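Report on the structure
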Amino acid sequence: MEKNVSLKIKNLVKMYGKKVAVNDISLELKGGDIFGFIGPNGAGKTTTIKCIAGLLDFEKGSISINGMDNKKFDVNLKRSFGYIPDTPYLYDKLTGREFLFFVGRLYGMEKEEIEKRIDEFSKKLEFKDYMDLKTEEYSHGMKQRIIITSCFLHSPDIFLIDEPLVGLDPKSSRIVKDLFKEFSKTNRILFISTHTLSLAEEICNKIGIMDKGKLVYFGSIENLKENLKKSNLEELFLEITKDGL
Ligand SMILES: Nc1ncnc2c1ncn2[C@@H]1O[C@H](COP(=O)(O)OP(=O)(O)OP(=O)(O)O)[C@@H](O)[C@H]1O
Ligand SMILES: [Mg+2]
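All values reported here derive from a predicted model rather than from experimental measurement. What you see as residue numbers is a count from 1 along each chain, following the sequence as written. The order in which chains are written sets their letters, starting at A; the order in which ligands are written sets their numbers, starting at 1. Where totals are concerned, whole chains, interfaces and linings use all residues; where local detail is concerned, this predicted model gives features only for residues with pLDDT of at least 70, and gives and counts side-chain atom pairs only at 80 or more. Only heavy atoms go into the side-chain values, all of them from the structure, while hydrogens and water stay out.

We call a residue near a molecule or strand as soon as one heavy atom of that residue lies within 4 Å of the molecule or strand. Residues in close proximity to ligand 1 include Tyr16, Lys19, Ala21, Pro40, Asn41, Gly42, Ala43, Gly44, Lys45, Thr46, Thr47 and His195, which together make up its full environment. Take Lys19: an N or O atom from its side chain is 3.3 Å from an oxygen atom of ligand 1. In protein, a polar contact means a hydrogen-donor-capable atom and an acceptor-capable atom, both N or O and within 3.5 Å, with residues adjacent in sequence counting only if both atoms are side-chain atoms; elsewhere, any N or O pair within 3.5 Å suffices. In this structure, Gly44 approaches ligand 1 through a main-chain N or O atom, which is 2.9 Å from an oxygen atom. The Shrake-Rupley method, run with a 1.4 Å probe sphere, supplies the accessible areas, and residue values consider only the shown protein chains as cover. For ligand 1, the protein covers 61% of the area, taking 640 Å² as the surface of the free molecule. For each structure, a 1 Å grid was placed over the protein atoms alone; sets of points admitting a 1.4 Å probe that cannot get out are labelled cavities, open sets with protein on both sides within 12 Å along at least five of seven lines are labelled pockets, and lining residues have an atom within 4 Å of a point. To be counted as sitting in a cavity or pocket, a molecule needs more than half of its atoms within 2 Å of that site's grid points. Among the detected pockets, ligand 1 sits in the second largest pocket.

As structure tokens, this is what we get:
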């Protein structure tokens, strides 16, 4: 039987001191969803993702991953998602291969399994020639490819990805987008925060628009276009968030 992959956020409120960064948002996703999380700078996207990943505590509401409350410390829960932060961190003095081994071992993967996955991804994301160089010698795009691989390594059910395409050249963006599409066919959830509206328009079946801590839209792009009589996501985005910044 297929696993019930799900992500449920209910009435999430996150404050930084007196500042409300995320203001009572709720949404539900299931396996197969590619969710594009968009919104102006400072809207609360990164904060929400960090709450889901368990990196930030929150004041109110609940988040459940595959039916488990994310405030519980549970190894299976931690293993069920992968996270790519907006400013990824690599250990400069490790090679790409060493870094991926390090991450794989943290997730309790066997050596052979890690090797197999590294081989698969280094071909897919075209970084085979860089694998044994220290990551301090990598360009930004090369670092991104290693980070993306580290998130996919243990085959999680849910991917939390904050700004995946920043700094990638057009060919690498294409490869990463194809990878996302491929993974979404396998009962997984991709939760992607992005300013690249064309990415959301091209690959997402659902979008959420954040504005000043509120989720002002959640649903399909088609419904939104029809409701607001706009032909593309950029026009919709500007219309919905026009009283912003
Ligand atoms: N560590 C922090 N301490 C205090 N305030 C913070 C902190 N991190 C973020 N904020 C504030 O919380 C709000 C939401 O920030 P967040 O980083 O979640 O926005 P974002 O939607 O990811 O923006 P961007 O598109 O620029 O990445 C902003 O007003 C920001 O200034
Ligand atoms: Mg952010």
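Right, picking up where we left off after that structure.
A run of H or I in DSSP counts as a helix once it spans at least four residues, and a run of E counts as a strand once it spans at least two, with each numbered from the N terminus. Mapped onto the secondary structure, Ser193 falls in strand β8 (residues 189-193). Reaching out from Ser193, the side chain makes a polar contact with the side chain of Asp162 at a distance of 3.0 Å. Aside from chain neighbours lying at most four places away, what touches Ser193 is Phe37, Lys45, Ile49, Ile161, Asp162, Glu163 and Pro164. Contacts: residue pairs with any heavy atoms within 4.5 Å of one another.

Moving on, we get to the pattern of salt bridges. By salt bridge we mean one thing: a side-chain nitrogen of Lys or Arg within 4 Å of a carboxyl oxygen of Asp or Glu. Summed over all chains, the structure comprises 18 salt bridges. In this structure, the salt-bridge partner of Glu239 is Lys242, at a minimum N-O distance of 3.2 Å. The class of Lys242 is exposed, set by a relative accessible area of 54%. Any residue under 20% of the maximum accessible area for its type is buried, any over 50% is exposed, and the rest in between are partly exposed; the area is computed with a 1.4 Å probe on protein chains only.

Summarising the model, the protein chain shows a mean pLDDT of 91, and 99% of its residues fall at 70 or more. Looking at any residue, its pLDDT shows the predictor's confidence there, from 0 to 100. Mean pLDDT across the elements of the protein chain ranges from a minimum in helix α8 (residues 221-228), with 77, to a maximum in strand β1 (residues 6-16), with 98.

Throughout, nonpolar core names a set of buried Ala, Val, Leu, Ile, Met, Phe, Trp, Tyr and Cys residues whose side chains join them through atoms within 4.5 Å. Membership of the largest hydrophobic core comes to 47 residues, with the highest contact counts inside it found for Phe152 and Ile207. Per-element tally for this core: the top contributor is helix α5 (residues 140-152), with 6 residues. What fixes the domain bounds is an automatic or database domain assignment. Residue contributions to this core reach at least three from each of two domains, namely domain 1 (1-80 + 158-245) and domain 2 (91-155). In this view, Ile207 contacts Phe35, Gly36, Ala200, Tyr217, Phe218, Gly219, Ile221, Leu224 and Leu233; residues no more than four positions away in its chain are not counted. Counting 26 residues, the second-largest nonpolar core is a separate cluster that includes Val5, Ile25, Phe37 and Phe81.

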